[in-house]
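# A look at the structure
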Amino acid sequence: MKVEMEAIPISLVAHQVFCPRRAWLEAAGETTDTYQMAVGVAAHKGVDNPATARLGAKRALDVAHRELGLVGRIDVIDDGDRGLRLVEYKATPVRKVPEVTEAMRVQLALQSECLTDMGHDISECGVYFTSHEKFVSVEMRDEDLRRAREYLAATRATVGSASAPEPLEDDPKCMRCSHAGVCLPDERAQQTVVRRIKVADPDANIVHLATPGSRASVTRGRMRVQHRGEEIASVPLERVQGLVVHGNIDLSGALIRELLWRKLAIVWCSGTGRVVGWSSTAQTPNGLARVRQHEASAQGRLALAREFIAGKIANQATLLRRNGADPDVARYLRVLQCEAVVAPSLEMIFGVEGEAAARYFAVFPKMLRAERAEWFTSQWSGRSGRHATDPLNVALNYTYGILVAETIRAIAACGLDPHAGFIHSSNRNKPALALDLMEEFRAPLADAVVVAAINNGELKKADFSLALGSARLRDSGRKALIAAYERRISTEFTHPTFGYKITWRRAIEVQARMILGFLDGTQSEYAGIVTR
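Conventions and cut-offs
Residues numbered from 1 in each chain as written. Predicted model: local features only at pLDDT ≥ 70, side-chain atom pairs only at ≥ 80, totals over all residues. Heavy atoms only, no water. Phe/Tyr/Trp six-rings, centres within 6.5 Å; stacked < 30°, edge-to-face > 60°. Helix = DSSP H or I, 4+ residues; strand = E, 2+ residues; numbered from the N terminus. Buried < 20%, exposed > 50% of the residue type's maximum accessible area, 1.4 Å probe, protein only. Pairing = 2+ DSSP bridges. Contact = heavy atoms within 4.5 Å. Axes fitted to C-alpha atoms, helices over the stretch in contact; angles between N-to-C directions. Expected span 1.5 Å × (residues − 1). Arc of directions from axis to C-beta. Disulfide = S-S within 2.5 Å. Core = buried A, V, L, I, M, F, W, Y, C linked by side-chain atoms within 4.5 Å. 1 Å grid on protein atoms, 1.4 Å probe; cavity = no way out; pocket = protein on both sides within 12 Å on 5 of 7 lines; lining within 4 Å. Points joined across faces, edges and corners; volume = space filled by probe spheres on them. pLDDT = per-residue confidence, 0-100. Nonpolar A, V, L, I, M, F, W, Y, C, P; charged D, E, K, R; others polar.

### A word on the packing of aromatic side chains
Inspection of every chain in the model, using the stated rule, returns 13 aromatic pairs. When the ring of F376 is compared with that of F464, the centres are 5.8 Å apart and the planes differ by 75°; the resulting orientation is edge-to-face. Here F376, found in helix α12 (residues 370–378), pairs with F464, found in strand β15 (residues 464–467); they are 88 residues apart in sequence, far enough to count as distant. Summarising the burial analysis for this pair, F376 and F464 share the class buried.

Laid out in structure tokens, this is it:
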């Protein structure tokens, strides 16, 4: 049905009732966390498919109101003697009683308005709570219809604004909001968070496909991986937060399409860990913020560059100290960290970073245990990036590649462009912002993973193939590093700024959203993660 003016979805008005900022974020394309998305899918599993309609009942019916500029979808409409019976399906796993909220009443009122405008009579409307398996009838009054129209007007004003409304302050609504992990209402001040809003299971699985010659496809809501005709893995799509493909692995078109529909990123890497490319949905959020990001990238943002490099140097010093490797170098790195914080130019920052890297990697082998490290350290002649031939640099480069894939996914999730950075140049077609953000995570994630994998005996000489003096990771070596990386990134630590426990994976996305807040002006500064 054609709507003559720009249409507002009914679901967006329901978000406006709950919180205007939530309505703005939803209109901007921001997504809820993986757990809440799975809850929504489960609640509507039986009604979102029009093909499941039965005689006298219509499911997933699209409706519209021309005059109000309103569109929506009704879960179930039953035929009755006195008119249509309208039913909305809701999952409320955290509520002890099936209670109809104001947002639900407004949603039902606007759906009734649409059906009336389309020439139908309404005999009853209500909510079916799937978690309680109970239907609650709702009586529509004139007051409900009037208030619903007021919320519709407010929603139109909210989504038409160039910037998001301010987050609610100390409001209990935030505690059960599925957008809390996107909005970050208490983190905007860049201070210790007294009230912790726990995002429900935000860390679903990043799936790594690392078996050469395998193929991943989708069947009945699950991602299935086969190798030589044998199924080697099966994962529910609701538990997939992103996909990283390592080397020669095939993906079915249906799987790629399904992940894009779910707004999940896919990153392709070479067998050595180098990022080849990535895919993301066309419904990327924060389009205006990306424009501002490119403007800021061209102009430069010294405050961001300082924090990225200061955080990197500080975390290098911490890793050296924790592994008992050369306390003098660790102390000197602290001095360089302070210099990076007040560096007057980008050139000065590069100079400080270069000196810190030279000092750090000169003593890097000292963090490895002698009984396990001899083969790795004997071929080490210093840090080498591309085309590295010694096993220690090969292992570092591979984990850096995994970390780049992680930061690309986090940056894409909040709608920023991985290419427009503030330290690394965009001229060489590199994901500059992803490389910027990963700086503060290099030591606590990638470097720490390699050191631990060697010291624990997970990464051994047998995990490398040697030819003409050049080392390459075997399949077993790649899997060992991926497993060690996933264990590390899934562990919790205390966020140095906000003071609460958070996983490293979640922290990367939080930092990406802090960059977004700094660029769009909703927060005055950016603070990097500095471990102690």
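### Some points on the sheet that holds strand β10 (residues 230–236)
One open sheet holds the four strands; their spatial order is β10-β9-β8-β12, and the pairing between them is mixed. The outermost strands of the open sheet, each flanked by one partner alone, are β10 and β12 (250–251). As judged from the five bridges shared by strand β8 (residues 215–219) and strand β9 (residues 222–227), these two strands associate in the antiparallel manner. Bridging across to β9, T219 finds its partner in R222. Across the sheet, helix α7 (residues 253–261) touches β8, β9 and β12, and the angle it forms with β8 is around 65°.

### What about the sheet that holds strand β11 (residues 240–246)?
Strand order in the open sheet made by the four strands is β7-β11-β13-β14, with mixed pairing throughout. Two strands in the sheet have a free side with no partner beyond their single neighbour: β7 (205–209) and β14 (275–279). Across this sheet, the average inter-strand angle for adjacent strands is 20°, counted without regard to direction.

### Here we look at helix α8 (residues 287–299)
Relative to the 18 Å expected for 13 residues at 1.5 Å per residue, α8 spans 19 Å between its end C-alpha atoms, a close match to the ideal helical length. When α8 is considered as a whole, its buried residues turn out to be A289, Q293 and A296. The buried side chains of α8 occupy one side of the element, clustering within an arc of 70° when seen end-on. Just past α8, the residue G300 takes up positive phi, approximately 95°.

### Looking at unusual backbone geometry
Most peptide bonds take the trans form, and the phi angle of most residues other than glycine is negative. Phi is positive for R220, which is not a glycine, with a value near 50°. For R220, the position within the fold is in the loop between β8 and β9. Even without being glycine, K263 reaches a positive phi, approximately 60°. Structurally, K263 can be placed in the loop between α7 and β13 (266–269).

### As for the environment of A362
Summarising the element assignment, A362 is placed in helix α11 (residues 346–362). Look at A362 and you get exposed, because its relative accessible area is 58%. Considering only alpha carbons, one finds A362 and V530, 168 residues apart in sequence, at a separation of 22 Å.

### Side note on the state of the cysteines
This structure, assessed with the given rule, holds zero disulfides. The closest cysteine sulfur to the non-disulfide-bonded C125 is located on C114, 13 Å from its own sulfur. The exposure class assigned to C125 is buried, which follows from its relative accessible area of 3%. This cysteine, C174, is not joined by any disulfide, and C19 carries the nearest cysteine sulfur, 6.3 Å off. On the basis of relative accessible area, C174 is assigned to the buried category, the value being 7%.

### With respect to the nonpolar core
Ranked by internal contacts, the top residues of the largest apolar core, which has 96 residues, are L320, L333, Y360, F364, L459 and L481. Examining the composition of this core, we find that 13 residues originate from one element, helix α13 (residues 391–413), more than from any other. Leave out the neighbours within four places in its chain, and F364 touches W380, L392, L396, D447 and V451. Counting residues in each nonpolar core, the second largest holds 29 residues, with V13, L110, A148 and L152 among its members.

### Focus: empty space enclosed by the protein
As enumerated under the stated definition, the model contains five cavities of 30 Å³ or more in all. There is about 90 Å³ of room inside the second largest cavity. The wall of the second largest cavity is formed by 14 residues, among which C19, C174, C177, C183 and P185 lie closest to the centre. If you list the elements that add at least two residues to the lining of the second largest cavity, you get α2 (20–27) and α6 (180–183). Of all the elements, α2 adds the most residues to the lining of the second largest cavity, at three residues.

### Structural notes on the confidence of the model for the protein
Taken residue by residue, the protein gives an average pLDDT of 86. The fraction at 70 or more is 92%. When the elements of the protein are averaged for pLDDT, helix α3 (residues 34–44) gives the smallest value, 45, and helix α15 (residues 442–455) the largest, 96. Ignoring residues within four places in sequence, the model shows residues 1–5, a span with pLDDT below 50, making 15 contacts including any to other chains. The low-confidence segment residues 33–43 (pLDDT under 50) makes 22 contacts with residues lying over four places distant or belonging to another chain.

### Section: the layout of surface pockets
In this structure, the second largest pocket occupies an estimated 1,300 Å³ of space. Lining the second largest pocket are 43 residues, and of these R274, R383, G385, R386 and N397 lie nearest its centre. For the lining of the second largest pocket, the secondary structure elements donating two or more residues are β14, α9 (302–322), α11, α13, α14 (432–438), α15 and β16 (470–473). In terms of residue count, α13 provides more of the lining of the second largest pocket than any other element does, five residues in total. Its residues assigned to classes, the lining of the second largest pocket comprises 15 nonpolar, 16 polar and 12 charged.

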